[in-house]
Amino acid sequence: MTEQNTNIEDIISSLEKEASENPKSVIALSRLSLACWKGGRIDDAIRHTQKALEIDSTNASLYVNLGGFYFQKGDLDGAIRENEKALEVNPYVTQAYGNLGFAWMQKGEWGKAIEFLKKAVELNSDFSEGWANLATAYIEKGLYDEAIEAADKSLQKKPDFAIAHNNLAVAHYFKKEYKLAAEHCSRAVELGYQVHPDFVKEIQAKSK
């Protein structure tokens, strides 16, 4: 066991004691669930969050957290269900819309993904990740102009966001705007994004 793991286990033990001494404390249970998540104990994180929700079923943040834990387990249906519950409690939670959009992306349901991601960026225009995911969904639907607009807005908020640069490379490529595609592809690679080597070579060849 690494020193880091030992430290997080010590933190979890301390928070378990706190939660046992304050069994009706949503804050204590929430802190414990997040510590369990950081320690890789996802099932425990889910259990403690569910217990917190038994105490306060109107806490949208807890549903968002629970959805995140299910997503980490690979349970997309669970992630979708809990984020939908968050929106039933509070229809203005940007992260819940963003999470739903991303979950539907993983399911290949691009129309649904676009619906939720558009709502997320309407609520928070500074949501760079939401704009980038929206660009990805637009690309999958063949809506390249919309993808470029969304990726540009992502970069306005976070200029060095590699995913957004990659989105622009792909969208400009399909619009046969090869020089722009090459510029953004190079920037994505510089920023550490794993662009497929064959795609890089093709863009470079067509941009000359």
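Residues numbered from 1 in each chain as written. Predicted model: local features only at pLDDT ≥ 70, side-chain atom pairs only at ≥ 80, totals over all residues. Heavy atoms only, no water.

Caption draft 1: Fine view of the nonpolar core. L134 and I203 are the most contacted members of the largest nonpolar core, which has 68 residues in total. I203 has contacts with Y173, Y178, A181, A182 and C185, leaving out every residue within four places of it along the chain. (Core = buried A, V, L, I, M, F, W, Y, C linked by side-chain atoms within 4.5 Å. Buried < 20%, exposed > 50% of the residue type's maximum accessible area, 1.4 Å probe, protein only. Contact = heavy atoms within 4.5 Å.)

Caption draft 2: Structural detail: helix α9 (residues 144–157). End to end, α9 covers 20 Å across 14 residues, agreeing with the expected 20 Å (1.5 Å per residue, within 8%). Of all the positions in α9, only A147, I148, A150, A151, S154 and L155 are classed as buried. Packing partners of the buried residues in α9 comprise α8 (128–140), α10 (162–174) and α11 (178–190). (Helix = DSSP H or I, 4+ residues; strand = E, 2+ residues; numbered from the N terminus. Expected span 1.5 Å × (residues − 1).)

Caption draft 3: Summary view of helix α2 (residues 26–38). Between its terminal C-alpha atoms α2 stretches 18 Å, which fits the 18 Å expected from 13 residues at 1.5 Å a residue. Listing the buried residues of α2 in full gives V26, A28, L29, S30, L32, S33, A35 and C36. Once α2 finishes, G40 follows within two positions and takes phi at roughly 80°, a positive value.

Caption draft 4: Expanded view of the side chain of S207. Counting through the fold element by element, S207 comes out in the segment after α12 (197–206). Overall, the relative accessible area of 15% leaves S207 in the buried class. With sequence-adjacent residues up to four places away left out, S207 is seen in contact with Y178, K179 and A182.

Caption draft 5: Broad picture of the layout of surface pockets. Reported here for the largest pocket is a volume of approximately 220 Å³. G68, F71, Q95, N99 and F102 are, among the 14 residues lining the largest pocket, the residues nearest its centre. Of all the elements, helix α6 (residues 94–106) adds the most residues to the lining of the largest pocket, at five residues. (1 Å grid on protein atoms, 1.4 Å probe; cavity = no way out; pocket = protein on both sides within 12 Å on 5 of 7 lines; lining within 4 Å. Points joined across faces, edges and corners; volume = space filled by probe spheres on them.)

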